[in-house]
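# Observations on the three-dimensional arrangement
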Amino acid sequence: EPRHRGVSGRLRLARLLLADAAASAPAEWRHAFTETRLSRATKRHPSLADRMDALWQDLRYAARSLRRAPAFVAVVVISLALGIGANTLVYSMLDGLVLHPFAYPDPDRFVAVGAQFPKVSGERAFIETLSPPEYTDIRDGAPSLEHVAAIDLGNRSISGGDHPERVFTAFVWGDPLASMGVTAAIGRAFRQEETTTPGHAVVLLSHRIWQSRFGGDSSLVGRAMRVNGEPYTVVGIMPPNALLLGADMWMPMGTEPQNIPRRARQWAVVGRLKQGATIATLNSELARVSRRTEQSFKAEHDVYEGWNLQAAPWAEALTTTTGIRMAAFILQGAVLLVLLIACVNVAGLLLSRGAARDGEIAMRRALGAGTGRLTRQLLTEGVMLSLVGGAAGLAVAMTFMGPLSAALPGMVRSMGLEARPNGRVLIVTLLASVGVGLAFGLAPMLQGAWHRTGVLFGQLGPRTTQGRSARRIRAGFLAVQVALSVILLVAAGLLTRSMTELRRVELGFDPERVLTMRVSVAREKYADSTIVPFVERIAERLAGIPGVRATAATTQYAPGNVFASTLSLRGETPGQASARQVDVTNATPDIFPTLGYQLRTGRLLASTDREGMPLVAVVNETLARRYFPNASPVGQQVWLGDSTGAQVEVVGVVADVRNRGLDAPVAAEVFMSARQQRVQRNNQFFLLVRTQGDPMATLPAVRRAIQELDSDQPVYNISTIERDLGESLVQRSAAMTFLLVFSGIALVLASVGIYGLVSYSVAERGREIGIRMALGAEPQDVRQLVLRQTAIVLTIGCAIGVAGALALSGTVRSLVYGVSPSDPLTIVGVVVVLFVVGAIAGAIPTRRATRIQPVSALREG
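Residues numbered from 1 in each chain as written. Predicted model: local features only at pLDDT ≥ 70, side-chain atom pairs only at ≥ 80, totals over all residues. Heavy atoms only, no water.

## A few points about the pattern of salt bridges
For the structure on display, the rule yields 24 salt bridges. For Glu194, the salt bridge goes to Arg191, with nearest N and O atoms at 3.7 Å. Among the residues examined, Glu194 registers a relative accessible area of 5% and is labelled buried. Classification of Arg191 by relative accessible area gives partly exposed; the value is 43%. The salt bridge involving Arg504 is made with Glu501; its shortest N-O contact spans 3.5 Å. Judged by its relative accessible area of 58%, Arg504 is exposed. Residues joined by salt bridges that share partners form a network here, namely Asp106, Arg109 and Glu146. (Salt bridge = Lys/Arg side-chain N within 4 Å of Asp/Glu carboxyl O. Buried < 20%, exposed > 50% of the residue type's maximum accessible area, 1.4 Å probe, protein only.)

## Notes on the side chain of Thr691
Within the secondary structure, Thr691 is located in strand β20 (residues 684–691). For Thr691, the side chain forms a polar contact with the main-chain oxygen of Gly693, separated by 2.9 Å. In contact with Thr691, not counting residues within four places along its chain, are Arg513, Gly547, Val548, Arg549 and Thr698. (Helix = DSSP H or I, 4+ residues; strand = E, 2+ residues; numbered from the N terminus. Polar contact = N/O pair within 3.5 Å; in protein donor to acceptor, adjacent residues only side chain to side chain. Contact = heavy atoms within 4.5 Å.)

## Focus on the side chain of Thr554
Relative to the assigned elements, Thr554 resides in strand β12 (residues 548–554). For Thr554, a relative accessible area of 0% puts it in the buried group. In this structure the side chain of Thr554 is engaged in a polar contact, spanning 2.7 Å, whose partner is the backbone oxygen of Gln556. Ignoring anything within four residues of it in the chain, the contact list for Thr554 reads Thr585, Asn586, Ala587, Ile591, Phe685, Phe686 and Leu688.

## So, the packing of aromatic side chains
Overall, the coordinates contain 14 aromatic pairs when judged by the stated rule. Seen from their ring centres, Tyr304 and Trp307 are 4.9 Å apart, and the 65 degrees between their planes marks the pair as edge-to-face. By relative accessible area, which is 0% here, Tyr304 ends up buried. For Trp307, a relative accessible area of 0% translates into the label buried. Pairwise contacts between aromatic rings join Phe117, Phe297, Tyr304 and Trp307 into one cluster. (Phe/Tyr/Trp six-rings, centres within 6.5 Å; stacked < 30°, edge-to-face > 60°.)

## Some words on the confidence of the model for the protein chain
When pLDDT is averaged along the protein chain, the result is 81, and 83% of the positions lie at 70 or above. Throughout residues 449–465 the model reports pLDDT below 50, and contacts reaching past four residues in sequence, or to other chains, amount to 40 contacts. (pLDDT = per-residue confidence, 0-100.)

## Structural notes on a nonpolar patch on the surface
A grouping of Val828, Val832, Val836 and Ile840 is seen on the molecular surface, where their side chains present a nonpolar patch of about 360 Å² in accessible area. Structurally, Ile840 can be placed in helix α24 (residues 824–850). (Patch = residues over 30% accessible without salt bridge, like charges linked within 9 Å, V, L, I, M, F, W, Y side chains within 5 Å. Areas by Shrake-Rupley, 256 points an atom, 1.4 Å probe, with all protein chains shown as cover.)

## Observations concerning the environment of Leu244
Mapped onto the fold, Leu244 is located in the loop between β7 (230–237) and β8 (249–252). The exposure class of Leu244 is buried, given its relative accessible area of 3%. The residues touching Leu244, leaving out its near neighbours within four places in the chain, are Tyr104, Phe110, Ile151, Pro176, Met180, Trp250 and Trp314.

## Examining the packing of helix α16 (residues 528–543) against helix α19 (residues 699–709)
Between α16 and α19, the least distance of the axes is 10 Å, while the angle of their chain directions is 140 degrees. Relative to α19, α16 is oriented oblique. For the element pair α16 and α19, the recorded crossing hand is right-handed. In this structure, α16 contributes Phe534, Arg537, Ile538, Arg541 and Leu542 to the contact, and α19 contributes Val702, Ala705, Ile706, Glu708 and Leu709. Of the residues that constitute the contact of α16 with α19, the class distribution is seven nonpolar, no polar and three charged. (Axes fitted to C-alpha atoms, helices over the stretch in contact; angles between N-to-C directions. Parallel < 35°, antiparallel > 145°, perpendicular 65-115°, else oblique. Left-handed = near helix turned anticlockwise from the far one by under 90°. Nonpolar A, V, L, I, M, F, W, Y, C, P; charged D, E, K, R; others polar.)

Okay, structure coming up:
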């Protein structure tokens, strides 16, 4: 009207608009007021049926919406299944092995007492650490503890049935069942006098061996069974949850603790916190016990100088000692990074999908949907996706739970520790699924574009690109993915390089084709003077088996040395050598050719080194360098124990071997003939059998040869040295495998994120690219434009990730060997891998960008 009639037309239009407003405004105001009042009343007092109806409507709409995007749903569910499944699997291991390994009542009240001896190693240890007099010091000096017990570990043979069996046995003072807070399932526990006075031939059996060997026969309690050939009465069966240190049989010590010297430190001390007592209070009491003991006995035992007693809950003490705790927490941290990467990846996908739904969201707002209503709908879709992904993740975790438990070290499984699903694991999985859904369901709100209704009228849509803020949010999510992937890849790379370095370690001996087994000779059947001759006869009999090249018997062998003693040199006063620890190996002379030890100077042990002859020893190069730096040790005199002990002449030096593990420094070692052992009279030996072929193939013949000598003599801990070496690396190997899998998942998710970002950017900027090409841009110019955006995001993500990896390098320090936790080669390699993956992931959408036809892009715009 104004265009056709000039000023008069404009005035006429203004008059018409004012008249219409005056006529219609009151009625519209009354209608709006009534609707607002009714709406507010409904919102204030919605019924349960209204809420359920709204929820059902949201669920149906979410299902229809997701059904229309099957590819998107598949990618999201797979991403979440990997993240939540891995998290569930590792949390099951963390829960079953570290947080709640045993179902004891009030497990935090069941504690172990550990000790630190700065003069020896300085490390706090809980197992086989304390002596019986120290146990009584703790029992009498820590009023916060009740039911204090001491446990020594050993082995005993039980006979009867089809074959003799060697049983891992705990020898106790006190009542460990009361310490755990449980009672015997059948029968009773030990009485106090049974543990402190001799002559009580009684045993307790674990529930496990009661079921496996005796078929759960309840009449066994009260009957006699033969232990080391002697009758012992079974007085009780432990409950299923009382598998302490993997011991299947308990026996009383049968003597007073004061009858055993303070230097015999091979007991674990456990107890139960009294009601109301705390670990802090108990540790204060133990500190006072430590100081009193130091003041009273430091002159006689200088290892007490600066020593310290400290308690911890039993689960923490056990998992710290076995090394499980740190590894489990590292893996849990790694898998949480995987879950976070999956969430960020899904959030990025939802951002892209949310941008494509701007028109739909704007239409719903125009029809009256408020911000709260739209937010609820987005959260419903997010939670629905996450619950489906969580269910798939739980299925993944359950599939791999069995293989994971089977892959745990034998020592861990023997203690009854396993990864298992339970209510806590299911709750954590459910919370993780819902939490993930709520977190990434809100991601599209960050873009802000759907808060406006302008898209409904063509102001925002596929014809133009979105603002910088939306692109920055998506790029930020991708940078976070890349950063987290860098952290995981660096950790996996460090462990992989560490394993490579460990496998290159020179052992110093030949571990191939050596069968190992343990034999414990019953003292009830063999006198001390006849134990070693019996073991020597076994070794001689095994040497005659076809296919056997050499045999030996020894109290320990590389790389698993554990027995040590102090060493004194000529001219030292008593007590000076307390801090000089050396490994002491008692063996038959054939140990050196059997394991391939190299003689450096002097001679090896001989069959003439026996009872009644001068005591002689062979030492390793480390001992020779450390204690005889300016002279040859051959012909020198040393004393095992203090200088009042047995005088031993050094007759030879052998080359160093890795006697304390592949990753530990070589310990000083003394080899003595088993016939001349003086530190203790051993009745337990390892048999070493070097074979021409497969060592395990000779095992039946080995068993028959031993049975021919003594039909009641069992062998146990059957293995090979090569298997022992693998077992020593199992913790690192498992951590490396897990981290490699997790970092592989992270790399896949990051590549999906890069592909999604580049692909969406190309689709969003199609018109812009068409214009550029219409104005003369070459394909390589377009390629550089697209790749520049990816390179910037990768650079920022890698920089943040490298900084994070360096900050967290200390967490993997205990698992790496031969490589720095901040190794630049590993870091550079990871960055290169990520840039290569980024280039590959962005190649397809980049190629698509260079093929955009300018005419088609302009026509679509």
